[in-house]
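Analysis of the macromolecular model
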Amino acid sequence: MRTLVPPPGRKIRTIAVANDIHIGEEKSGLIVGDFPPGASQEPGLPPYADVMLSGMLAELGRAGITELFCNGDLTAEARPAEVARARELLDGFGEKGRNWWATRGNHDRPHRGAEYSSCA
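Attention in this report is confined to the structure presented alongside it. Residue indices follow the written sequence of each chain, beginning from 1 at its first position. A pLDDT threshold of at least 70 governs which residues receive local features in this predicted model, and a stricter bar of 80 or more applies before side-chain atom pairs are shown or counted, although totals over entire chains, interfaces and linings include all residues. Remark: hydrogens and water are excluded; side-chain values derive from all non-hydrogen atoms of the structure.

A look at the sheet that holds strand β2 (residues 68–71)
Filter applied, for reference: Being paired, for any two strands, means DSSP has found at least two bridges between them. Runs of H or I in DSSP of at least four residues are treated as helices and runs of E of at least two as strands, each being numbered from the N terminus. Every axis in this analysis is a line fitted to C-alpha atoms, fitted for helices over the stretch in contact. Angles between the N-to-C directions lie between 0 and 180 degrees. A contact between two residues is defined here by any heavy atoms of the two lying within 4.5 Å.
In space, the three strands of this open sheet follow the order β1-β2-β3, with parallel pairing throughout. The open sheet has two edge strands, β1 (16–19) and β3 (100–103), and neither has a second partner. Between one strand and the next, the sheet's axes are offset by a mean angle of 15 degrees, whatever the strand orientation. Of the strand pairs in this sheet, β1 and β2 are connected by four bridges, and their pairing is parallel. Counted as the bridge partner of Asn19 is Asn71 from β2. Docked against the sheet, helix α2 (residues 80–93) engages β2 and β3, running at close to 150 degrees with respect to β3.

Some details on the packing of aromatic side chains
Selection rule: Centres within 6.5 Å make a pair out of two Phe, Tyr or Trp rings, where for Trp the six-membered ring is used; the pair is then stacked when the planes are under 30 degrees apart, edge-to-face when over 60, and tilted otherwise. The buried label goes to any residue with under 20% of its type's maximum accessible area, the exposed label to any with over 50%, and the partly exposed label to all in between, with areas taken from a 1.4 Å probe on protein chains only.
Under the counting rule described, the total for this entry stands at one aromatic pair. With a centroid separation of 4.7 Å and an interplanar angle of 10 degrees, the aromatic rings of Phe69 and Trp101 are classed as stacked. Taken together, the residues span a long stretch of sequence, with Phe69 in strand β2 and Trp101 in strand β3 at a distance of 32 residues. The class of Trp101 is partly exposed, set by a relative accessible area of 29%.

Details of the side chain of Glu82
To keep things clear, this is the line we draw: Two N or O atoms count as a polar contact when they lie within 3.5 Å, although within protein this holds only if one can serve as hydrogen donor and the other as acceptor, and sequence-adjacent residues are included solely when both atoms are side-chain atoms.
The topology assignment puts Glu82 in helix α2. Polar side-chain contacts of Glu82 include one of 2.8 Å to the backbone nitrogen of Glu77. Residues in contact with Glu82, not counting those within four places in the same chain, are Ile23, Gly24, Thr75, Ala76 and Glu77.

Remarks on the packing of helix α1 (residues 48–63) against α2
Helix-helix packing: each pair is described by the crossing angle between the helix axes and the interaxial distance. Heads up, the condition is: Oblique is the label for any angle not covered by the other classes, which are roughly parallel (under 35 degrees), roughly antiparallel (over 145) and roughly perpendicular (65 to 115). In this scheme the crossing of two helices becomes right-handed for a clockwise turn of the near helix relative to the far one and left-handed for an anticlockwise turn of less than a right angle. Just so you know the grouping, Ala, Val, Leu, Ile, Met, Phe, Trp, Tyr, Cys and Pro go in nonpolar, Asp, Glu, Lys and Arg go in charged, and all remaining residues, Gly too, go in polar.
Axis separation between α1 and α2 bottoms out at 10 Å; the angle between their running directions is 15 degrees. Of the possible angle classes, the one that applies to α1 and α2 is roughly parallel. Of the two elements, α1 crosses α2, and the hand of that crossing is right-handed. Taking contact as the criterion, the partners of Asp50, Leu53, Ser54, Leu57 and Leu60 in α1 are, on α2, Arg85, Leu89, Leu90 and Phe93. Per-class residue counts for the contact of α1 with α2 are six nonpolar, one polar and two charged.

What to know about α1
At 3.6 residues per turn, the α-helix brings residues three or four places apart onto the same side. We apply this condition: By definition here, a helix of n residues has an expected span of 1.5 Å times n minus one.
Compared with an ideal rise of 1.5 Å per residue, which puts 16 residues at 22 Å, α1 spans 22 Å between its outermost C-alpha atoms and is within 8% of the ideal. For α1, the full list of buried residues reads Tyr48, Ala49, Asp50, Leu53, Leu57 and Leu60. The inward-facing, buried residues of α1 abut β1, β2 and α2. Among the residues trailing α1, Gly64 stands out with phi positive, at a value near 80 degrees.

Now the structure itself:
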């Protein structure tokens, strides 16, 4: 193994990229039904997706990284509460469009039904 030689010139900035945050997901690693057995948080503790995102944001802050690109699947199923929670956590990191940006993934797609009627 080798470490690459840094390119010439001054360092401009460091950014972070995150994928598949899945706020609102209660079990991870499921493929079909309940297979394989998924990982989940202990009852009564904060949801693991919240813990993971909060931890990542804290680490980025400690490292001095001020720009984050979230690429898809910020939510488990784009439920209004999941979207609001993802936004709340990310807004704690900084300003949307200045410190963080997001693209939608297949889990963030528009849905139909009463549960989604309040979505803009």
